[in-house]
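# Coordinates in review
Listed below, chain by chain, are the residues.
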Amino acid sequence: FKLVAVLFFGIGIFLFISTSFVIVGSDEVGHLKKIYLGREMKPGQVIAFDGENGPQARILTPGFHFSPFLRVIYKVEFFPVLEIPGGFCGKVVASDGVSLRNGQVFADEWSEAKFNDMLNAEYFLKNGGQKGPQLSVLKPGKYRLNHYLFTVDSKTPVKDIPAGYVGVVKSNVQQVKEDPNAVESVVTGLNLKAEVVPVGFKGVWKKV
C-alpha cells in the first residue's frame, strides 16, 4: 500500500511539474489562450485580459516561465519574432480595440514617445488603442508582438526621396476634424496657384 501511495504521489508530482512550465526560445514569442477558470469576454471582444478566458493580451518573452498547471489552464502557442527588413516598413492592423470614429479610415497615430506602449497589447487595449488599420507603422527591426491582436504586412517598401528633391504628400483621407479655414493658397515656381492643407487633412499637405 505504501509503495502504491508513493508511486501515485510521484506521478502526481511529475504531472504537476511537467504541466506547469514553458520555455520560450530566443527567436520566439509565447502566446496564451486561457481555457479554464476565467470569465467570459464581452460580446465582440477578441483579446482577453484581467482573468478572462480566450486569447490573452500578455505574451511570454524568451526564457523559463513557471505557473501551476500552466499548460492545463492555457493552450500555449509559439510565434516567431517579427522582423521588418531594411528598406521596408510594417503596416499594422489591430483585431480589437476602440472602434474607429465615423469617417475615420486609419487609427489615430501614436507619438514616438508612446510607440513602444502601442506594441504592448494590454496597454493598447486599456489606453484607447483603436481597432483596424494603424497609421503608425513599424520601422526596420525585430519586434515581439501579440499575433492574436496585431497582423502585420512586413513587405511594404519605404519611399526613397533622392537628394535634391522633396516629397509632396497628397492625402486621400481626413484624419482630423475638417476646418475650412485650414486651406491655404500658395504660388508655385511656375506661378501657378495650388491649395495646401495642414498634416492630417485631406488634400496636398503644406509640409513636405
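Below, the structure is looked at part by part.

Reading guide: rules and limits
- Residues numbered from 1 in each chain as written.
- Predicted model: local features only at pLDDT ≥ 70, side-chain atom pairs only at ≥ 80, totals over all residues.
- Heavy atoms only, no water.
- Helix = DSSP H or I, 4+ residues; strand = E, 2+ residues; numbered from the N terminus.
- Rg over C-alpha atoms; globule rule 2.2 N^0.38 Å.
- Buried < 20%, exposed > 50% of the residue type's maximum accessible area, 1.4 Å probe, protein only.
- Contact = heavy atoms within 4.5 Å.
- Areas by Shrake-Rupley, 256 points an atom, 1.4 Å probe, with all protein chains shown as cover.
- Salt bridge = Lys/Arg side-chain N within 4 Å of Asp/Glu carboxyl O.
- Pairing = 2+ DSSP bridges.
- Axes fitted to C-alpha atoms, helices over the stretch in contact; angles between N-to-C directions.
- Core = buried A, V, L, I, M, F, W, Y, C linked by side-chain atoms within 4.5 Å.

## A closer look at the overall build of the protein chain
The secondary structure content of the protein chain amounts to four helices and 14 strands. In terms of overall size, the protein chain is more extended than a compact globule, its C-alpha atoms giving a radius of gyration of 24 Å where 208 residues would be expected to give roughly 17 Å. Expressed along its principal axes, the backbone C-alpha trace of the protein chain runs to roughly 100 × 40 × 25 Å. Taking all 208 residues of the protein chain together, 31% fall into the buried category. If you take every contact in the protein chain between residues at least 6 apart in sequence, the share linking residues at least 24 apart comes to 72%. On the protein chain, roughly 13,600 Å² of surface is accessible, and the fraction owed to carbon and sulfur atoms is 60%.

## What to know about the side chain of Ser154
Summarising the element assignment, Ser154 is placed in strand β10 (residues 150-157). Residue classification places Ser154 among the buried residues on the basis of a relative accessible area of 16%. In this structure, Ser154 is in contact with Leu82, Glu83, Ile84, Pro85, Phe88, Cys89 and Gly90, ignoring residues within four places of it in sequence.

## Digging into the side chain of Asn146
Position of Asn146 relative to the elements: it lies in the loop between β9 (141-143) and β10. Setting aside residues up to four positions removed in sequence, Asn146 forms contacts with His31, Gln56, Ala57, Arg58, Ile59 and Ala121.

## Let's talk about the pattern of salt bridges
Between side chains of opposite charge, pairing is possible as soon as their charged atoms come close. All told, the structure shown has eight salt bridges when counted by the stated rule. Salt-bridge contacts for Glu77 lead to Lys33; the nearest nitrogen and oxygen are separated by 3.8 Å. With Glu77 in strand β5 (residues 74-80) and Lys33 in strand β2 (residues 28-34), the pair connects residues that are 44 residues apart, well separated along the chain. Using a relative accessible area of 29% as the deciding quantity, one classes Lys33 as partly exposed. The salt bridge partner of Lys139 is Glu112, with a shortest N-O separation of 3.6 Å. Of this pair, Lys139 sits in the loop between β8 (132-138) and β9 while Glu112 sits in the loop between β7 (88-94) and α3 (115-118), placing them 27 residues apart in sequence. Among the charged side chains, a network of salt bridges with common partners joins Asp50, Glu122 and Lys126.

## Description of the environment of Leu135
With respect to the helices and strands, the residue Leu135 is situated in strand β8. By relative accessible area, Leu135 is classed as partly exposed at 33%. Separated by 29 residues in the primary sequence, Leu135 and Phe106 have C-alpha atoms spaced 5.6 Å apart. Each residue touching Leu135, except ones within four places of it in the same chain, is listed here: Phe106, Ala107, Glu109 and Gln175.

## Here we look at the sheet that holds strand β3 (residues 54-60)
Taking strand neighbours across the sheet as the criterion, the three strands line up as β3-β2-β5 in an open arrangement whose pairing is antiparallel. Pairing within the sheet leaves two strands with one partner each, and these edge strands are β3 and β5. For this sheet, the mean angle separating the axes of adjacent strands, direction not counted, is 30 degrees.

## Some details on the nonpolar core
In globular proteins that are soluble, nonpolar side chains generally tend to be buried together. Met118, Leu119, Phe124, Leu125, Leu138, Tyr143 and Leu149 are the most contacted members of the largest nonpolar core, which totals 20 residues. Of all elements in the fold, only β6 (82-84), β7, α3 and α4 (121-126) reach the threshold of two or more residues within this core. If you tally residues by element for this core, the top one is α4, at three residues. Counting eight residues, the second-largest nonpolar core is a separate cluster that includes Val22, Val24, Leu70 and Tyr74.

## Regarding the sheet that holds β7
Judged by pairing direction, the sheet is antiparallel, and its three strands sit side by side in the order β8-β7-β10 without closing on themselves. Only two strands of the sheet have a single partner each, and these edge strands are β8 and β10. If you compare each strand with its neighbour and ignore which way they point, the axes differ by 30 degrees on average. Sheet topology places β7 next to β10; six bridges connect them, and they run antiparallel. By the bridge assignment, Phe88 is partnered in β10 with Pro157.

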